[in-house]
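# Structural overview
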Amino acid sequence: MSTDNVEVERPTRERAAVGEDGRSRDRTRPAVPDPLPMSVVDAHCHLDIADGEDGAWLGAAEAIKLAASVGVTRIVQVGCDLPGALWAVEAAEQYPNLIAGVALHPNEAPRLKAAGELDGALAEIERLATSSDKVRVIGETGLDYFRTGEDGRAAQHESFAAHIELAKRLGKTLMIHDRDAHDDILAVLDREGVPDRLVMHCFSGDTEFARKCVERGAFLSFAGVVTFKNAQSLRDALAVTPLDRVLVETDAPYLTPSPHRGQPNASYLIPHTVRKMAGVLNISVAELCEALSANADRAFGGKW
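Residues numbered from 1 in each chain as written. Predicted model: local features only at pLDDT ≥ 70, side-chain atom pairs only at ≥ 80, totals over all residues. Heavy atoms only, no water.

### Here's the deal with the overall build of the protein
Secondary structure assignment for the protein yields 10 helices and 10 strands. In terms of its C-alpha atoms, the protein occupies a principal-axis envelope of roughly 50 × 45 × 40 Å. Burial analysis of the protein (304 residues in total) assigns 55% to the buried set. Residue pairs at least 24 apart in sequence account for 73% of intrachain contacts in the protein once pairs closer than 6 positions are excluded. (Helix = DSSP H or I, 4+ residues; strand = E, 2+ residues; numbered from the N terminus. Buried < 20%, exposed > 50% of the residue type's maximum accessible area, 1.4 Å probe, protein only. Contact = heavy atoms within 4.5 Å.)

### Section: the layout of surface pockets
Looking at the largest pocket, its volume works out to about 1500 Å³. The wall of the largest pocket is formed by 46 residues, among which Glu20, Arg147, Arg179, Tyr254 and Leu255 lie closest to the centre. At three residues, the largest contribution of residues to the lining of the largest pocket is made by strand β7 (residues 173–179). (1 Å grid on protein atoms, 1.4 Å probe; cavity = no way out; pocket = protein on both sides within 12 Å on 5 of 7 lines; lining within 4 Å. Points joined across faces, edges and corners; volume = space filled by probe spheres on them.)

### Some words on helix α9 (residues 270–281)
Spanning 12 residues, α9 covers 16 Å between terminal C-alpha atoms, matching the ideal 16 Å at 1.5 Å per step. Buried within α9 we find Ile270, Pro271, Thr273, Val274, Met277, Ala278 and Leu281. Projection of α9 onto a plane perpendicular to its axis shows the buried side chains occupying an angular sector of 160°, all on one side. As for α9, its buried residues are in contact with β2 (40–45), β4 (72–79), β9 (218–222), α8 (232–239), β10 (246–248) and α10 (285–299). One or two steps after α9, the chain reaches Asn282, where phi turns positive at roughly 60°. (Expected span 1.5 Å × (residues − 1). Arc of directions from axis to C-beta.)

### Quick word on the packing of helix α5 (residues 153–170) against helix α6 (residues 182–192)
Running from N to C, α5 and α6 cross one another at 45°; their axes reach a closest spacing of 10 Å. Relative to α6, α5 is oriented oblique. With respect to the hand of their crossing, α5 and α6 are arranged in right-handed fashion. Contacts from His157, Phe160, Ala161, Ile164 and Lys168 in α5 reach Asp184, Ile185, Val188, Leu189 and Glu192 in α6. Of the residues that constitute the contact of α5 with α6, the class distribution is six nonpolar, one polar and three charged. (Axes fitted to C-alpha atoms, helices over the stretch in contact; angles between N-to-C directions. Parallel < 35°, antiparallel > 145°, perpendicular 65-115°, else oblique. Left-handed = near helix turned anticlockwise from the far one by under 90°. Nonpolar A, V, L, I, M, F, W, Y, C, P; charged D, E, K, R; others polar.)

### Side note on empty space enclosed by the protein
A complete count under the given rule lists one cavity of 30 Å³ or more for this structure. Reported here for the largest cavity is a volume of approximately 100 Å³. Together, 14 residues line the largest cavity, and Ile49, Leu58, Pro253, Asn265 and Ala266 are the ones closest to its centre. The residue inventory of the lining of the largest cavity, partitioned by class, reads 10 nonpolar, two polar and two charged.

### So, the state of the cysteines
Simply put, the disulfide is a covalent bond whose two ends are the sulfur atoms of two cysteines. In total, this model carries zero disulfides according to the counting rule given. Sulfur of Cys202: no disulfide; nearest cysteine sulfur belongs to Cys213 and is 13 Å away. Assessed through its relative accessible area of 15%, Cys202 is described here as buried. (Disulfide = S-S within 2.5 Å.)

### A word on the confidence of the model for the protein
Scored by pLDDT, the protein comes out at a mean of 96, with 98% of its residues at no less than 70. Across residues 1–6 the pLDDT falls below 50, and counting only partners more than four positions away or on other chains, this stretch makes 10 contacts in the model. (pLDDT = per-residue confidence, 0-100.)

### Quick look at the UniProt feature "binding site: a divalent metal cation 1" (unreviewed entry) in the protein
Within the UniProt annotation, "binding site: a divalent metal cation 1" (unreviewed entry) is assigned to His44, His46, Glu140 and Asp251. Over a stretch of 208 residues, the named residues converge on one spot in the fold, their C-alpha atoms separated by at most 10.9 Å. Residues from the annotated list that form part of the lining of the largest cavity: His46. If you trace the backbone, His44 turns up in strand β2. At 3.3 Å, the side chain of His44 and the side chain of His201 are in polar contact. With respect to the helices and strands, the residue His46 is situated in the loop between β2 and β3 (49–50). With residues near it in sequence (within four places) discarded, His46 still touches Gln77, Val78, Cys80, Glu140, Asp251, Ala252, Pro253 and Tyr254. Side-chain polar atoms of His46 contact the backbone oxygen of Val78, separated by 2.9 Å. (UniProt positions renumbered as here; feature names shortened; annotations may be inferred. Polar contact = N/O pair within 3.5 Å; in protein donor to acceptor, adjacent residues only side chain to side chain.)

Below is the structure:
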């Protein structure tokens, strides 16, 4: 796919300045932490979403440079609607550090279905998925029962099943978004068949759910939430996850790790999450970094 005349140096959208709690967020950008001793991969990022004071965007080139300065040398750029998916493909073609994920976020599915546009949007996702070798991931797809009520769940299930089929047919990694839908995620996967490579993005379950996902061959990707004081159940889930099934991500600009919770997130802040994870797993930061890098190679179909 050619990137001639492609504009990827601007965002596709902006994150809201008000949090889910209704309060205005601190949108100042956190300081750069101490670098990691070895390189790791940010397994899920949205470089195309602006977040900063007055909507300021940390551009892709600068975000990649800052990440590399602390040891985050590779990034999985994820598009979760059609503009974002196109941006992800184009950015991955331009920046060697990136690979792309393309999909329709589960909260997109009910809106598209109601407008009679879901089939066409899924066809466009398939076109983008086959447009470049840099597209390694079908995702983020899945189920989200937090923002979508029961009337939209049938559309989410339809879209999720279509993405699973596409990942299996194309030999791509399936990346799952799961919010308040653990049991149904597993039920759909079991019904449709699990792809060869499966990543649970921003893993949010308990120890039992972690074991069930690992039994199905999944990699569990942990975001900054694992550093939050009220996330002990998530740390317990990490503790029972085999080291060869662990990934780390930002979900930037969301889910900023402590001590910067609520501020804009970016890949350069991953060292905070990695250091917390190493403590939970009772291993050295270097040992965890080595595992995270090797796991990312396996989870996403090889090095890039």
